[in-house]
There are 2 protein chains.
Amino acid sequence: MPTLRRNDTARRILDVALRLVQVQGFNAFSYADVSAELRITKASLHHHFPTKAALGKALISGYTADFLAALAEIDARGGDAFAKLRAYADIYLSVLRQERMCLCGMLAADFETLPKAMRASVTEFFRANEEWLARVLDEGRRAGTLRFEGAPAATAAFLVSSLEGAMLVARSFGGVSRLEAVVDRLLASLRRVPPS
Amino acid sequence: MPTLRRNDTARRILDVALRLVQVQGFNAFSYADVSAELRITKASLHHHFPTKAALGKALISGYTADFLAALAEIDARGGDAFAKLRAYADIYLSVLRQERMCLCGMLAADFETLPKAMRASVTEFFRANEEWLARVLDEGRRAGTLRFEGAPAATAAFLVSSLEGAMLVARSFGGVSRLEAVVDRLLASLRRVPPS
DNA sequence: GTCTATAGGTGGATAGAC
DNA sequence: GTCTATCCACCTATAGAC
């Protein structure tokens, strides 16, 4: 059984690079930034991730895996669909409270200049998010805890768009209050109020 | 009376730089790109805009002025508040159809690495948009053509966030259909259906 | 107002020793 | 797996001739 290796070099490189990309974007961060912070030479970084595109792909893979694991954890906790949506939105809030953006939101802004190998992975992140959301939305509507019109997939796409945008705009105003306001509004619009 | 000078060099530099930033972001575009496209040397560009920050500020000023002029034009056309909201959303759609992003949406993603002199101007763009939207929303609710809860400013902030996010995510999926879907949903959620 | 030339720095990436 | 040393392309910006 292999060691967990939570602290091995590749892991630490990914952690630092992830934060830098979430804050600055893919074009604005450099191997030199990571090098300075970890006090490892740029040449060593290239040993672990030969090109910036390779590092970028690893970042998206890890981020998507962690995100999907968080969604599985939400499912595992049980609770109704509305609670799951709230927990989903809380992920966005917690990322912004760490003064970070969604990795793939940032990469979506960088999309046109991204190495081609990274682009499909960005889209796939959104698609996987929407797939999970669509399932929760469908469950909730059937169970009577959620209310919305049309296909679950359409509402799921709407939620992802709104949360990503709110996160982006909120940061430029400073703080998380704008994202909180959008989350409250989105949840309120989906909540099925039981007849009195 | 000064010439209109619609085609003078500074204007052409701004036009090209605007498109490049809308597509690639502020960090990804360079004086060299503009230089190549206009076949003017980088040194000449620096004559008109001494620093990249100065060029960036001019871009935001011009973009905001054009945007506010478009909003004034919407007001001038008359029509009810719902029609004005639709016209507002159509601006976003038309930008994306040109395969561009909102300048300030892109700059919001670049926010942390932006020259400090540019940051307040980005926020101001959003603020001015929301101010216009809040007024239209208030008018519409009073006149009975729009329906929403809470302060107009809160709904205005929500609209800007959702449209910016939808634009960003839509591009990574290719095409404008995702933005169209979000626009339809936002407008439907605000429309006051007259009692039958 | 545009040019040539260049400065001074940083970018991603590689070779080869240890 | 980490290092030193280096490459070359590109970056923003400036000096000074025309």
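The structure contained in this document is the topic of the report that follows.

Time to look at the protein's contact with DNA strand D. Neighbouring DNA strand D are 16 residues, the closest being A:Thr41, A:Ser44, A:His48, B:Lys42 and B:Lys52. Each atom of DNA strand D within 4 Å of the protein belongs either to a base or to sugar and phosphate, the latter forming 57%. Within the side chain of B:His46, a nitrogen or oxygen atom sits 3.2 Å from a base nitrogen of DNA strand D. One nitrogen or oxygen atom from the main chain of B:Lys52 is found 2.7 Å from a phosphate oxygen belonging to DNA strand D. Elements supplying a minimum of two residues to the surface near DNA strand D: α3 (42-48) of chain A together with α2 (31-38) and α3 (42-48) of chain B. It is α3(A) that contributes the most residues to the surface near DNA strand D, four residues altogether. Residue classes in the surface near DNA strand D are distributed as six nonpolar, eight polar and two charged.

In the vicinity of DNA strand C, 17 residues are found, and the nearest of them are A:His46, A:Lys52, B:Thr41, B:Ser44 and B:His48. Here a phosphate oxygen of DNA strand C sits 3.1 Å away from a polar atom, N or O, in the side chain of A:Ser30. A distance of 3.2 Å separates a base nitrogen of DNA strand C from a polar atom in the side chain of A:His46. Counting residues per element, the ones that place at least two in the surface near DNA strand C are α2 (31-38) and α3 of chain A together with α3 of chain B. Counting residues per element, the surface near DNA strand C draws most heavily on α3(B), at four residues. When grouped by side-chain class, the residues that make up the surface near DNA strand C number six nonpolar, eight polar and three charged.

Quick look at the interface of chain A and chain B now. On the side of chain B, 35 residues touch chain A, which itself brings 35 residues to the contact. Summed over both sides, the interface between chain A and chain B buries roughly 3000 Å², with carbon and sulfur atoms accounting for 65% of that surface. One can count two salt bridges joining chain A with chain B. Joining chain A to chain B, the criterion identifies 11 residue pairs in polar contact (both at pLDDT 80 or more). Counting only elements with at least two residues in the side of chain A that touches chain B, the list comes to α1 (9-24), α6 (103-109), α7 (116-143), α8 (152-173) and α9 (177-190) of chain A. Element by element, the count of residues in the side of chain A that touches chain B is highest for α8(A), at 14 residues. Residue classes in the side of chain A that touches chain B are distributed as 16 nonpolar, 10 polar and nine charged.

The rules behind the values
- Residues numbered from 1 in each chain as written.
- Chains lettered and ligands numbered in written order.
- Predicted model: local features only at pLDDT ≥ 70, side-chain atom pairs only at ≥ 80, totals over all residues.
- Heavy atoms only, no water.
- Near = heavy atom within 4 Å.
- Polar contact = N/O pair within 3.5 Å; in protein donor to acceptor, adjacent residues only side chain to side chain.
- Helix = DSSP H or I, 4+ residues; strand = E, 2+ residues; numbered from the N terminus.
- Nonpolar A, V, L, I, M, F, W, Y, C, P; charged D, E, K, R; others polar.
- Contact = heavy atoms within 4.5 Å.
- Buried area = accessible area lost by both parts, 1.4 Å probe.
- Salt bridge = Lys/Arg side-chain N within 4 Å of Asp/Glu carboxyl O.

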